[in-house]
Amino acid sequence: MLPFLLDTGLLNFKGHYKELSKGYYYIETVVLLLAFMYLCRIKNPEQLAQISPGEFGKLLGLDRSPGAKCLRKKLKEICAQQKSTEWNMGLAREWSQEEGNDFYYIDGHVQVYHGHKATLGKKHVSRQKLCLPGIQEFWVNNGQGQPYFYVTGQVNEKLQEVISGQIVPELLDKLNNEQQTLDTPRFTIVFDREAYSPQFFGQLWQDHQIAVLTYRKNVKDQWEESCFKKYTINVESTEVEMALAEKQLILDGVEMREVRKLSKDGHQTSVITTHPLLSTALIALYMFARWSQENFFRYMRQDYDFDKIGQYTVDQIDDMFEVVNPAHNKVEYKIRKIREKIARRKARIYTLIEAYSGQDIDQTPSYLAKVEKQQQELKALLNEEQDLIEQRKNTQHRIKIKDMGENRYNKLDMESKLFRNIIKMICYRAETSFATLLSANYKKAINEKRALAKKVINASADLTVDMEKQTLQVSLYSLPNPRDNQALSEICQTLNEMEIIFPGTKLQMIYDIATK
């Protein structure tokens, strides 16, 4: 995996970080160690205690690997330089230019916080269907789910706010600043309904010539099935047939294109875009490829311990930063609950009227008593609702952090997590490249390539150094079946042609398959 890590940019940190002040382990050793740890699914420094330091140290070209305490000390010194964002954006620019990508997928990811030191705003965690205190990250990926970079919200920023305030400026400044023709967007951003706003879409095109691609909200009409045509779309080397239709529409004064996909059960999925040149089939392809980003989050949580915070140092938020007033939220919550009770009382009164409309006159007193009781409760609830509405009018909606008092929001220091996440991004990209190349001849490559890559990563190997020939022989042990060995043999041949030099040495790496 080392050649793929190097090709992905693992050692590009040298242009951003200074060497560590002293000690046996250099910064290059720490970065390599973290990358090898994550690829071997060693998710934190404490798990190194279960690994032989001598054997693992050989992967680094040393007599032993550092222990957990030493590694954390080195990480603290590295993160004190505060260069993670600079390194991340440098890598993102290189990746984007290499891929020639013009489509950026943006989605939020919440990391739940279970500590007590920080006072964080609550976010909705969709996978748990709860509102919990946590950290909101907004990730930018390509259409295959490969990550570029992410930004972290300070409190409870919405996706639209982060796109316009942080992500778009970064994309314009760091990744894509080429001028385009009048009809060609500089790039296209793809996201879900959370950032839905036709006026926002029109503003992005007017100010920056940026196109958007997203799902449409509040769709009430149905198109005739005769409008739909069959399209054959290639999705990850698999031919998929879709029934699609396209129409022009204007929403809030903004001209857009709407494409709908007709499912077998008759459901119509509506997609809208401000991109003027994309074909109908490509609009559907790029929109539904958004699930690759969801798959990325899921894989990283399971295999790379993605949601572990790892550092609990608390930083203060700028005093002038504005947030929604928690007191206003509480009043708003009470109003919603009161209105639910009002709706239930009205429903009961209506039910009583319907039930007693055809009854005998002898039952009228008991009926009137029940109705009167419900009406009195309804009147009290309506009065309470008006009091809460007045209270809401007198409660400021947004306030500055400095005005929150003792329960003011703060934030966690995320420098260490960002540094490790960058290495995880590099590992994920390297693993993807390795898996794709390894499984090129597999019929079910989409389903098998990740498992096969992990199998090879965890396979045993012999390392032999020849100082006279300046070579490092890597002899991989045989895999369980001939098909895997054939794929591994082709990988070894490809890597040998690349003439990889082990970092920090002059040794050329030579790969082959050994016999047990």
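Residues numbered from 1 in each chain as written. Predicted model: local features only at pLDDT ≥ 70, side-chain atom pairs only at ≥ 80, totals over all residues. Heavy atoms only, no water.

## Thoughts on the nonpolar core
- Counting residues in hydrophobic clusters, the biggest one holds 100 residues, and the most contacted among them are Ile 163, Ile 167, Ile 189, Phe 419 and Ile 423.
- For this core, the element with the most residues is helix α12 (residues 415-438), which contributes 12 residues.
- Aside from chain neighbours lying at most four places away, what touches Ile 189 is Tyr 104, Ile 106, Ile 163, Leu 171, Leu 204, Ile 210, Ala 211, Val 212 and Leu 213. (Core = buried A, V, L, I, M, F, W, Y, C linked by side-chain atoms within 4.5 Å. Buried < 20%, exposed > 50% of the residue type's maximum accessible area, 1.4 Å probe, protein only. Helix = DSSP H or I, 4+ residues; strand = E, 2+ residues; numbered from the N terminus. Contact = heavy atoms within 4.5 Å.)

## Here we look at empty space enclosed by the protein
- Inspection of every chain in the model, using the stated rule, returns 1 cavity of 30 Å³ or more.
- Quantified by volume, the largest cavity comes out at close to 130 Å³.
- What lines the largest cavity is a set of 16 residues, among which Tyr 38, Lys 43, Lys 308, Arg 420 and Lys 424 lie closest to the centre.
- Ranked by residue count, the leading element in the lining of the largest cavity is α12, at 4 residues.
- Split into classes, the residues belonging to the lining of the largest cavity amount to 7 nonpolar, 3 polar and 6 charged. (1 Å grid on protein atoms, 1.4 Å probe; cavity = no way out; pocket = protein on both sides within 12 Å on 5 of 7 lines; lining within 4 Å. Points joined across faces, edges and corners; volume = space filled by probe spheres on them. Nonpolar A, V, L, I, M, F, W, Y, C, P; charged D, E, K, R; others polar.)

## Details of the confidence of the model for the protein
- Here the protein averages 86 in pLDDT, and 94% of its residues register 70 or above.
- Across the protein, the element-wise mean pLDDT spans from 75 in strand β11 (residues 314-316) up to 94 in strand β6 (residues 211-215). (pLDDT = per-residue confidence, 0-100.)

## Some details on the side chain of Arg 290
- With respect to the helices, strands and loops of the structure, Arg 290 is situated in the loop between α8 (280-288) and α9 (291-303).
- For Arg 290, a relative accessible area of 6% translates into the label buried.

## Describing the sheet that holds strand β15 (residues 461-466)
- A sheet is described by the order of its strands in space; here 3 strands give the open sequence β15-β16-β17, paired in mixed fashion. The open sheet is flanked by β15 and β17 (508-514), the only strands paired with a single partner. In this sheet, neighbouring strand axes are inclined to one another by 20 degrees on average, regardless of whether the strands run parallel or antiparallel.
- Sheet analysis places β15 next to strand β16 (residues 471-477), joined by 6 bridges and oriented antiparallel. (Pairing = 2+ DSSP bridges. Axes fitted to C-alpha atoms, helices over the stretch in contact; angles between N-to-C directions.)

## Quick notes on the pattern of salt bridges
- The full count for this structure, using the stated rule, is 23 salt bridges.
- Between Glu 55 and Lys 58 there is a salt bridge, with its nearest N and O atoms 3.5 Å apart. Within this pair, Glu 55 and its partner Lys 58 are both found in helix α3 (residues 53-58), separated by 3 residues, close to a single helical turn.
- Given the relative accessible area of 48%, Lys 58 is considered partly exposed.
- Of the charged contacts in the structure, one is a salt bridge between Lys 393 and Glu 390, with a shortest N-O distance of 3.7 Å. Remark: Glu 390 and Lys 393 occur in helix α11 (residues 364-393); sequence separation between them is 3 residues, near one turn of the helix.
- One salt-bridge network, in which partners are shared between bridges, spans Arg 41, Asp 303, Glu 431, Arg 450 and Lys 454. (Salt bridge = Lys/Arg side-chain N within 4 Å of Asp/Glu carboxyl O.)

## Remarks on helix α4 (residues 68-79)
- With 12 residues, α4 should reach 16 Å at 1.5 Å per residue; the first-to-last C-alpha distance of 16 Å fits that figure.
- All of the buried residues along α4 are Leu 71, Lys 74, Leu 75, Ile 78 and Cys 79. Buried residues of α4, seen end-on, are gathered within an arc of 130 degrees and therefore sit on one face of the element. Residues of α4 that are exposed and point more than 90 degrees away from the buried face comprise Lys 69, Lys 73 and Lys 76. (Expected span 1.5 Å × (residues − 1). Arc of directions from axis to C-beta.)

## Section: the packing of α9 against α12
- Running from amino to carboxyl end, α9 crosses α12 at an angle of 110 degrees, the nearest separation of the two axes being 12 Å. Between α9 and α12, the crossing angle belongs to the class labelled roughly perpendicular. Between α9 and α12, the contacting residues are Phe 296, Tyr 299 and Met 300 on the first element and Lys 424, Tyr 428 and Glu 431 on the second.
- Tallied by class, residues from the contact of α9 with α12 come to 4 nonpolar, no polar and 2 charged. (Parallel < 35°, antiparallel > 145°, perpendicular 65-115°, else oblique.)

## Digging into the packing of aromatic side chains
- This model, assessed by the stated rule, comprises 22 aromatic pairs.
- Seen from their ring centres, Phe 4 and Phe 434 are 5.2 Å apart, and the 65 degrees between their planes marks the pair as edge-to-face. Taken together, the residues span a long stretch of sequence, with Phe 4 in helix α1 (residues 2-8) and Phe 434 in helix α12 at a distance of 430 residues.
- The class of Phe 434 is buried, set by a relative accessible area of 4%.
- With 6.1 Å between their ring centres and 90 degrees between their planes, Tyr 17 and Trp 87 make a pair best called edge-to-face. One end of the pair, Tyr 17, is in the loop between α1 and α2 (27-39); the other, Trp 87, is in helix α5 (residues 84-99), and 70 residues separate them in sequence.
- Look at Trp 87 and you get buried, because its relative accessible area is 0%.
- Through pairs of rings, three or more aromatic residues link up here, namely Trp 139, Tyr 150, Phe 296, Phe 297, Tyr 299, Tyr 304, Phe 306 and Tyr 428. (Phe/Tyr/Trp six-rings, centres within 6.5 Å; stacked < 30°, edge-to-face > 60°.)

## Things to note about the side chain of Glu 258
- Turning to its location among the elements, Glu 258 is positioned in strand β9 (residues 254-262).
- A polar atom in the side chain of Glu 258 sits 2.8 Å from the side chain of Arg 260.
- A distance of 2.6 Å separates polar atoms of two side chains, one belonging to Glu 258 and the other to Ser 270.
- In contact with Glu 258, not counting residues within four places along its chain, are Arg 216, Trp 223, Ala 245, Glu 246, Lys 247, Leu 249, Ser 270, Val 271 and Ile 272. (Polar contact = N/O pair within 3.5 Å; in protein donor to acceptor, adjacent residues only side chain to side chain.)

## Side note on the pairing of strand β2 (residues 122-125)
- With burial as the criterion, only one face of β2 is covered, namely that bearing Lys 123 and Val 125; the residues Lys 122 and His 124 on the opposite face remain uncovered.
- Two strands pair when backbone bridges link them, and β2 and strand β3 (residues 130-141) are joined in this way by 4 bridges, in the antiparallel orientation. Paired with Lys 122 across the bridge in β3 is Pro 133.

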